Structures are given as C-alpha cells and as structure tokens.
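So you can see what is in the structure, the chains are spelled out below.
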Amino acid sequence: VKKLLDMQNGTLKDNRSRFETEKEYNEYQLTRAIKYKKGVCKDYSMLFKEILGRLGYESHIISGYTKKNGKVNRELSHTWNAVKINNQWKLFDPTWAAGHVVDSKRFVKKYNEKWFDVDPDEMLETHMPFDPIWQLLDNPLTYEGFDESENKIFQKNYQFDDIINDFVNNEENLQMKGQLERSNEMGEGIGLVKKWRKNLTKRIGLYGINSKRDLILHAEENTQKALDLYDEYVKARNKQFRGAKWTVEKAEEYLMDSKDLTEGVIEIYKGIDVEDAKAEKYVKQAIGFSEDLLKNIAKQKEFLAAYKSK
C-alpha cells in the first residue's frame with residue numbers, strides 16, 4: 001500500500017539508474033517482491049510470469065490502464081498478464097484477483113477467481129492495454145471508445161493472433177517500434193498513454209546503446225589501450241629514441257598497435273544504431289575522438305619516416 005501511495009503521490013524512489021538494463025532492474029524488483037512478499041501490479045505480473053515460465057508456459061506482461069464503475073483511472077497505469085494455453089492466448093489479472101485496498105490504508109486479501117482466464121470482452125470493460133493486440137479481439141476498441149464507454153472500433157477483422165505471433169518472435173527493438181506504431185493508430189489517448197509512448201520512445205532511442213553495452217565497454221577499453229600506446233610513443237620521442245625501450249622500432253610498433261585498436265573502435269561505434277539524441281551525441285563524440293587520434297598517429301608516422309631517412 002505504501003508503494004502504491006508513493007506512486008500516486010510521485011514520491012516513489014526510482015533506483016532504475018543503478019542498473020544497466022531494464023532486465024536487470026526487473027530482476028531486482030522481482031527479487032524484492034519475493035523477499036518481502038509485497039508489491040504492486042508490476043510485481044504481481046512479473047512474479048506470475050516467472051512462475052508460469054518455470055512451468056513451461058509462454059506469457060506476456062501487459063501494460064495499460066483501467067476503470068472501475070465506469071470511471072477511468074487517469075493517475076496510475078496497470079499491468080496484467082496474457083498466457084498462451086493450448087495455442088490460445090488467455091487473460092489474467094493476478095493483482096485484482098488477490099484482494100483490494102481499503103481507504104488507501106490497508107490491503108485486504110480476498111481471492112477472486114473472476115480475474116483468471118477472463119473473457120476478452122469482459123476484460124475490456126475494465127482493462128485497456130496500451131497495445132491493442134492484447135485486447136485479444138477481432139474488433140478492438142479505440143482508447144476513446146474505452147474511456148467514454150462507446151463502441152468505437154479501432155479496426156475490424158483485426159488479426160491479433162498473427163500480429164502477436166510476429167511480435168513475440170521479433171527482437172526487442174522491433175517489438176517496441178511495433179507497439180508504438182499500433183498505439184499511435186488508436187488515437188491520442190489520455191495522459192497515461194502519452195507517458196507510456198514517451199517512455200517507449202526513449203527506450204527505442206537508447207536500444208542501440210543498451211543492447212550493445214558489452215561491445216561499448218570493449219570499445220572504451222580499447223580506446224584507453226590505444227591512448228596508452230600512443231603515450232608510450234610520445235615518451236619514446238621525448239627520449240629521442242634512446243635506450244632499449246625507446247628505440248625507433250619500438251616507437252613505430254606503439255603507433256601501429258594504437259592505430260589498429262583505434263580503427264577497430266571506430267568500426268564498433270559505426271555499427272551501433274541509435275535514435276536517442278543523447279546517445280547519438282555520445283557515439284558521434286566517441287567516433288570523433290578516435291578519428292582525431294588517427295590523425296595524430298598519421299602525423300607521427302610521417303615524422304618517423306622522415307627521422308629514419310636522415
């Protein structure tokens with residue numbers, strides 16, 4: 001209940017920045033839910049999905065918003081689950097099935113099996129997924145139709161089964177782009193829809209960085225190695241190439257190794273596809289830094305060639 005109230009009041013501490021990926025953050029949240037046996041809808045849905053996965057079932061966490069007694073909850077989004085059973089997707093809401101909060105103060109345990117294997121039409125009376133495929137309907141409602149309890153159809157003969165099949169088999173970046181496209185087709189939506197789209201757009205933009213974090217760390221390490229080798233060359237030149245460690249041959253070797261590493265780093269960064277402005281700026285700066293280093297290496301190679309010809 002405290003976590004729910006903190007979410008409503010905007011005072012919930014978000015330690016997401018401590019984690020490199022969304023997956024790591026979710027695993028941390030799941031571990032806390034299991035340890036303390038407490039949580040909100042996202043925790044229920046993650047735990048439900050984890051249990052189902054261990055039992056061999058394919059499932060998906062659905063994000064959306066809800067309404068009760070005809071009134072839309074415009075403050076908090078909600079999550080529930082879709083589970084594939086005998087090649088058919090079915091809907092479950094383990095949070096609503098567990099009980100309810102009284103007077104925003106205490107949680108009352110009251111198991112309600114109504115929210116397990118819910119008929120899609122019945123679920124849509126109270127639950128609107130951000131992505132229309134999880135309505136599991138051939139004639140899904142628009143956001144406006146749900147908000148105003150009107151029969152405003154998003155699209156007739158909607159082949160949700162085929163779309164879901166493509167969705168679950170796509171890589172994460174394409175999944176997110178598909179979700180965003182389908183959501184935009186459903187209309188403007190309330191503030192929660194806009195917030196979800198904004199977060200999804202940000203995740204899409206950062207996907208190139210987050211999905212290749214190990215590769216980027218490798219590039220950063222090699223950049224440092226290339227700089228260290230270049231520094232060794234500078235030391236050799238300052239020593240006027242005297243001594244066993246500072247010979248012209250050694251200096252030339254330092255430069256060539258630095259060049260090879262730097263060219264590899266540039267190749268890595270150029271292979272990273274980003275759509276977020278900050279991520280794009282980071283990649284451009286990294287490439288620019290490496291290209292400047294290559295220019296310096298080229299100048300020093302010319303210097304060495306002239307020095308050796310004397």
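Residues numbered from 1 in each chain as written. Predicted model: local features only at pLDDT ≥ 70, side-chain atom pairs only at ≥ 80, totals over all residues. Heavy atoms only, no water.

### Quick notes on helix 9 (residues 191-210)
Structurally, the α-helix is built with 3.6 residues per turn, so residues lying three or four positions apart point the same way. An ideal rise of 1.5 Å per residue puts 28 Å on 20 residues; helix 9 measures up with 27 Å between its terminal C-alpha atoms. The largest bend along helix 9 measures about 30° and falls at I204. Among the residues making up helix 9, those that are buried are L192, V193, W196, R197, L200, I204, G205, Y207, G208 and I209. The secondary structure elements touched by the buried residues of helix 9 are strand 1 (58-68), helix 6 (143-147), helix 8 (172-185), helix 10 (213-238) and helix 12 (277-309). (Helix = DSSP H or I, 4+ residues; strand = E, 2+ residues; numbered from the N terminus. Expected span 1.5 Å × (residues − 1). Bend = angle between axes of the 7 residues up to and from the residue. Buried < 20%, exposed > 50% of the residue type's maximum accessible area, 1.4 Å probe, protein only. Contact = heavy atoms within 4.5 Å.)

### Comments concerning unusual backbone geometry
Although it is not a glycine, N87 adopts a positive phi angle of roughly 65°. Residue position: N87 is located in the loop between strand 3 (78-85) and strand 4 (88-92). N87 sits in the exposed class, given a relative accessible area of 69%. Unusually for a residue other than glycine, L136 sits at a positive phi of about 55°. Along the chain, the position of L136 falls in the loop between strand 8 (127-129) and helix 6. Relative accessible area serves as the criterion here: at 6%, L136 is assigned to the buried category.

### Comments concerning the nonpolar core
Ranked by size, the top nonpolar core spans 37 residues in total, and within it Y65, M128, F130, W134, L136, Y143 and I164 carry the most contacts. Mapped by element, the contributors of at least two residues to this core are strand 1, strand 3, strand 4, helix 4 (94-98), helix 6, helix 7 (160-169), helix 8 and helix 9. Of the residues forming this core, the biggest block, six residues, is contributed by helix 9. Counting residues in each nonpolar core, the second largest holds 14 residues, with A226, Y230, Y233 and L293 among its members. (Core = buried A, V, L, I, M, F, W, Y, C linked by side-chain atoms within 4.5 Å.)

### Things to note about the environment of K202
Counting through the fold element by element, K202 comes out in helix 9. Distance from K202 to G187, taken between C-alpha atoms, is 20 Å for residues 15 residues apart in sequence.

### Comments concerning the packing of helix 10 against helix 11 (residues 248-270)
Two quantities define a packed helix pair, namely the angle between the helix axes and the distance between the axes. As a packed pair, helix 10 and helix 11 sit with axes 8 Å apart at the nearest point and diverge in direction by 155°. Judged by the angle between their axes, helix 10 and helix 11 are roughly antiparallel. Two packed elements cross with a definite hand, and for helix 10 against helix 11 that hand is left-handed. In terms of residue class, the contact of helix 10 with helix 11 is made up of 15 nonpolar, five polar and four charged. (Axes fitted to C-alpha atoms, helices over the stretch in contact; angles between N-to-C directions. Parallel < 35°, antiparallel > 145°, perpendicular 65-115°, else oblique. Left-handed = near helix turned anticlockwise from the far one by under 90°. Nonpolar A, V, L, I, M, F, W, Y, C, P; charged D, E, K, R; others polar.)

### Here's the deal with the pattern of salt bridges
Under the criterion given, the structure shown has twelve salt bridges. Where K308 meets E252, a salt bridge forms, and the shortest distance between an N and an O atom there is 3.2 Å. Pair noted here: K308 is in helix 12 and E252 is in helix 11, with a separation of 56 residues, a long-range link. Note on K308: relative accessible area 46%, which makes it partly exposed. Connected through salt bridges with shared partners, the residues E144, E148, E150 and K152 form a single ionic network. (Salt bridge = Lys/Arg side-chain N within 4 Å of Asp/Glu carboxyl O.)

### Considerations on a negative patch on the surface
A cluster of acidic side chains, namely D119, D121, E122 and E125, defines a negative patch on the protein surface. Note that E122 resides in helix 5 (residues 120-123). Given the relative accessible area of 34%, E122 is considered partly exposed. (Patch = residues over 30% accessible without salt bridge, like charges linked within 9 Å, V, L, I, M, F, W, Y side chains within 5 Å. Areas by Shrake-Rupley, 256 points an atom, 1.4 Å probe, with all protein chains shown as cover. Lys, Arg positive; Asp, Glu negative; His and termini not counted. Charge placed at Lys NZ, Arg CZ, Asp CG, Glu CD.)

### Quick word on the pairing of strand 6 (residues 106-109)
Bridge count between strand 5 (residues 99-102) and strand 6: four bridges; the pairing is antiparallel. Of the residues in strand 6, the one forming a bridge with H100 is V108. Count of turn residues in the strand 5/strand 6 antiparallel hairpin: three residues, of which D103 carries a positive phi of about 55°. (Pairing = 2+ DSSP bridges.)

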